[in-house]
Amino acid sequence: MHSKLLTYIFGTKEDRDALRLGSMAEQINAREDWARSLTDADFPAETEKLKARIKSGEKTESVRTDAYALAREASLRVLGERPFDVQIMGAIALDEGAVAEMKTGEGKTLVCVMPAYFNSLYGQGVHVITVNEYLAKRDAEWMGKIYRFLGVSVGVIYAEMNQSERKNAYKCDITYGTNSEFAFDYLRDNMQYSPGDIVQRGFHYAVVDEADSILIDEARTPLIISGEGGDDSELCRAADSIAQKLREVKKIPGTDRYPDELLDEKPDGDYTLDENHKKASLTKDGMAHVEQMLHQMKLIKGSMYDTENFMFVHYVIEALCARYVYRKDKDYIVYDGEVLIVDEFTGRVLLGRRYSDGLHEAIEAKEHVQVRRQTRTFASISYQNFFRMYEKLSGMTGTALSQAEELRAIYGLDVIVIPTNGPMIRSDEDDAVFDTETEKWKAVCDEIAEAHGRGQPVLAGTSSVQNSELLSSLLTVRGIRHNVLNAKNNVREAAIIAQAGKKGAVTIATNMAGRGTDIKLGGSPEAHEGEYDEVKEAGGLYVIGTERYESRRIDNQLRGRSGRQGDPGKSKFVISREDDLFKRFPGSRKISASSAQAQIERNNFDVRKRLLDFDDVLNDERIMLYDYRRSVLCSDKDEAVKMPLLSAINSAWADHLESLDSLREGVYLRTYAQKNPVVEFKIDASEMFDEMMESLKKTENELEKTIAVTQHSARNLI
């Protein structure tokens, strides 16, 4: 009642935020005449004046007002685009260190120019973080024209860069790049052997585009730098052979669960699968069958539970995951004899990335390609702990409010909803739900054919490479010309997207065409200037989702490709009870798509929280070790001491990470003794870390003594 009364008197939080930001936007509008009076040559000089005002200690808000007015005018002169008041409001929210929720098509790319420019005036660098390299390069070039007009430098980091190019990009006032590139550079910097090879210069301010995707969805997987370990290809192939001979446990009739051995329920089978957490487990019978087969293959002697034999359990479990949980052309593709991971959120290939803990090698064995040498982890960090290093963090996305609680709890970020510049007129139709996939695909093709016939462009979203190719083959049979955009065909991405809004165009795409993709009605303006009105008359872009994603936010991002900036549009999901989303709940035929998504999102939150609980323990140790290593790297120690000590630190940390991985798996067994696994992990990890640091200090002392003796002997000889 008290809360309702306050809302009645003062309005909702959205109302109060809009009122406050709107008032600030008016102050910036009041400086527009001043900005218009400047000549083009004045802009870099005004930038220098703003820097001087910041150094003098002038209040942030007054400097920001002029900086935003200057950036708005620069945008108008350079791109012919004057940011709307709502875009100014979003830009202020970003400078305040919040996540600005702005509907798709509201011009977020332009919004981030103002806070990026303003914060670059402090001279400590600004990072603008995007979900993929295509957007990083595009936005750095596109918005870079404004920055350079203002007199600030802009760079972009991407995978195929040498060390010198990368360092120069970080020296710029504003640096664009993907989340993984920024985080991997942090880890690599803490493995360097020369201070001159360090590329980053700190974490002052970041704007995270598609913040919910990067800060929430991708936070389930830690970033890992690894190198080659031992050759276990034969063991991987043997484990794959064993996995194929095992039987999945039968589920209890009428339910979606397996019998639980801890509840004295007898399972009929060797293994269980957990699709939500992408895991597999062996039953007691399964362990016995594995042991029997290992004996027959002469791979072990004695019991499966002997210390020297227990590692085989891990190989078999990873083989089960590879064969029955991870799927080709959905989770990964095989290209030119190599297994390449497909990012589940962006639909793009993650070049150079491999699954950890032997899973990648298990998939290679399954797909009968070369099994590469097993990897060893040298450095790792979670996205949560990486982004918490920034002095000021902000983000923007079209779908953040539903994750406001997690963004606040993990990152300390408030979510501010920014009103739209104009009304949204897109028509979002109810889902069409069919019993079988066959019926669904027929309905999808019918919808596409009908829209194509009246000249309405169609974007058909699929959840996997496999399904995009299936739909392509069905449309080919019907004689409907179309383009396909997926992880196997990303070279023509820019060209395909440029023409996806053309009259009668049909584009099939995985979620590569989701976030950040701007599809213009009529195609690219310079190529089809006269088609905009025709496409608008035909109803605008028609987005057809062929499957519900795990996250409702990804569904909404797909819908958001249509109806941008007041354009007409239409969206509809055509799904079936045989889709992957429903397969995860086979005992619940009546469950709705939204209920299934809500349950999966809760599971994913648990995964993220569990990862962070453990990584928080590791993070404290990581910071202490990296501080120690950096002090050694930048010290004036003799090179004969410094180089072997740095090498010893790298090796000790890799050993420590390997030990912690084993510890993490083992502490869960302590739950049977009513102990908290995270607390147990923290206690044991702390003891192991102290022992490692003590050993490193001892190594440092021994090296210094050795070099001192050597130098003393050399002086005596002289």
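Because the structure is a prediction, the values reported are computed rather than measured.

Engineer: Would you mind showing me how to read the sheet that holds strand 3 (residues 154-156) here?
Structural biologist: Within a beta sheet, neighbouring strands are joined by backbone hydrogen bonds and run either parallel or antiparallel to one another. Read across the sheet, 7 strands follow the order 3-4-2-5-12-1-13 without closing on themselves; strand pairing throughout is parallel. In this open sheet, the two strands that pair with only one neighbour each are strand 3 and strand 13 (414-417). Strand-to-strand twist across the sheet, computed as the mean angle between neighbouring axes with direction ignored, equals 20°. The pairing of strand 2 (residues 126-130) with strand 4 (residues 174-178) spans 5 bridges and is classified as parallel. Within the sheet, the bridge partner assigned to Thr-130 lies in strand 4 and is Thr-178. Helix 6 (residues 85-95) rests against strand 1 (98-101), strand 5 (205-209), strand 12 (392-397) and strand 13 of the sheet, and its axis sits at about 160° to strand 1.

Engineer: Even after reading the chapter, I still don't get the environment of Arg-629, so can you show me in this structure?
Structural biologist: Note on placement: Arg-629 falls in helix 25 (residues 593-633). Exposure remark for Arg-629: the relative accessible area of 3% places this residue in the buried category. Arg-629 sits 173 residues away from Gln-456 along the chain, and the two C-alpha atoms are 60 Å apart. With near-sequence residues (within four places) excluded, Arg-629 lies in contact with Asn-190, Met-191, Gln-192, Tyr-193, Leu-646, Ile-649 and Asn-650. At 2.8 Å, the side chain of Arg-629 and the side chain of Asn-650 are in polar contact.

Engineer: What am I meant to see in helix 8 (residues 113-120) here?
Structural biologist: For helix 8, a buried count of 8 out of 8 residues is recorded, marking the element as mostly surrounded by other parts of the structure. The complete set of buried residues in helix 8 reads Val-113, Met-114, Pro-115, Ala-116, Tyr-117, Phe-118, Asn-119 and Ser-120.

Engineer: How do you make sense of a negative patch on the surface when you look at a structure like this?
Structural biologist: A cluster of acidic residues, Glu-687, Asp-690, Glu-691 and Glu-694, forms a negative patch on the protein surface. Relative to the helices and strands, Glu-687 is located in helix 27 (residues 677-717).

Engineer: Help me understand the domain arrangement of the protein, please; the structure alone is not making it clear to me.
Structural biologist: One frequently used descriptor of interface size is the decrease in accessible area upon assembly of the parts. Domains assigned within the protein are domain 1 (1-226 + 382-417), domain 2 (231-372), domain 3 (427-584) and domain 4 (599-716). If you average the C-alpha positions of domain 1 and of domain 3, the two centres end up 31 Å apart. Listed per partner, the contact involves 17 residues of domain 1 and 12 residues of domain 3. Of the roughly 1,300 Å² buried between domain 1 and domain 3, counting both surfaces, carbon and sulfur atoms make up 44%. On the domain 1 side of the contact with domain 3, Thr-104, Gly-105 and Tyr-134 bury the most area, a combined 39% of that side's loss. The partner of Arg-553 in a salt bridge is Asp-212, with the nearest N and O atoms 2.6 Å apart. Where domain 1 packs against domain 3, one counts 4 residue pairs in polar contact (both at pLDDT 80 or more). Looking at the side of domain 1 that touches domain 3, the elements with two or more residues in it are helix 9 (133-150) and helix 12 (211-215). Considering every element that reaches the side of domain 1 that touches domain 3, the biggest residue donor is helix 9, with 3 residues.

Engineer: Looking at this model, I keep getting lost on unusual backbone geometry. Mind explaining?
Structural biologist: The general pattern is negative phi for most residues beyond glycine and trans for most peptide bonds. Positive phi, close to 50°, is recorded for Glu-210, a residue that is not glycine. Residue position: Glu-210 is located in the loop between strand 5 and helix 12. The class of Glu-210 is buried, set by a relative accessible area of 2%. Of note, the phi angle at His-368 is positive, near 60°, even though the residue is not glycine. Summarising the element assignment, His-368 is placed in the loop between helix 16 (359-366) and strand 11 (375-381).

Engineer: Just to check I follow, could you spell out the pattern of salt bridges for this structure?
Structural biologist: Pairs may arise between side chains of opposite charge once their charged atoms sit close together. Applying the stated rule across the entire model yields 58 salt bridges. Where Glu-32 meets Arg-36, a salt bridge forms, and the shortest distance between an N and an O atom there is 3.5 Å. Within this pair, Glu-32 and its partner Arg-36 are both found in helix 3 (residues 32-36), separated by 4 residues, close to a single helical turn. The partly exposed category is assigned to Arg-36, whose relative accessible area is 45%. Where Arg-257 meets Glu-265, a salt bridge forms, and the shortest distance between an N and an O atom there is 3.0 Å. Its relative accessible area of 23% is what places Glu-265 among the partly exposed residues.

Engineer: Would you mind showing me how to read the nonpolar core here?
Structural biologist: The nonpolar side chains of soluble globular proteins are, as a tendency, buried together. Formed by 63 residues in total, the largest nonpolar core has its most connected members in Leu-215, Phe-386, Phe-387, Tyr-390, Leu-407, Tyr-411 and Leu-625. Structurally, this core is a two-domain feature, drawing no fewer than three residues from each of domain 1 (1-226 + 382-417) and domain 4 (599-716). Counting 53 residues, the second largest nonpolar core, distinct from the first, contains Leu-70, Leu-110, Val-113 and Val-154.

Engineer: When you look at helix 5 (residues 60-79) in this model, what are you seeing that I'm missing?
Structural biologist: Since there are 3.6 residues in each turn of an α-helix, residues three or four apart along the chain are aligned in direction. The first and last C-alpha atoms of helix 5 sit 27 Å apart over 20 residues, in line with the 28 Å expected at 1.5 Å per residue. Just downstream of helix 5, Gly-80 is the residue with a positive phi angle, here 75°.

Engineer: I tried to follow the side chain of His-127 on my own but got confused; where do I start?
Structural biologist: Within the secondary structure, His-127 is located in strand 2. Overall, His-127 belongs to the buried group, its relative accessible area being 6%. A distance of 2.7 Å separates polar atoms of two side chains, one belonging to His-127 and the other to Tyr-390. Dropping the residues within four chain positions of it, His-127 is found in contact with Tyr-170, Thr-175, Phe-182, Gly-202, Phe-203, Tyr-205, Ala-206, Val-207 and Tyr-390.

Reading the values: the criteria
Residues numbered from 1 in each chain as written. Predicted model: local features only at pLDDT ≥ 70, side-chain atom pairs only at ≥ 80, totals over all residues. Heavy atoms only, no water. Pairing = 2+ DSSP bridges. Helix = DSSP H or I, 4+ residues; strand = E, 2+ residues; numbered from the N terminus. Axes fitted to C-alpha atoms, helices over the stretch in contact; angles between N-to-C directions. Contact = heavy atoms within 4.5 Å. Buried < 20%, exposed > 50% of the residue type's maximum accessible area, 1.4 Å probe, protein only. Polar contact = N/O pair within 3.5 Å; in protein donor to acceptor, adjacent residues only side chain to side chain. Patch = residues over 30% accessible without salt bridge, like charges linked within 9 Å, V, L, I, M, F, W, Y side chains within 5 Å. Areas by Shrake-Rupley, 256 points an atom, 1.4 Å probe, with all protein chains shown as cover. Salt bridge = Lys/Arg side-chain N within 4 Å of Asp/Glu carboxyl O. Lys, Arg positive; Asp, Glu negative; His and termini not counted. Charge placed at Lys NZ, Arg CZ, Asp CG, Glu CD. Domains from an automatic or database assignment. Buried area = accessible area lost by both parts, 1.4 Å probe. Core = buried A, V, L, I, M, F, W, Y, C linked by side-chain atoms within 4.5 Å. Expected span 1.5 Å × (residues − 1).

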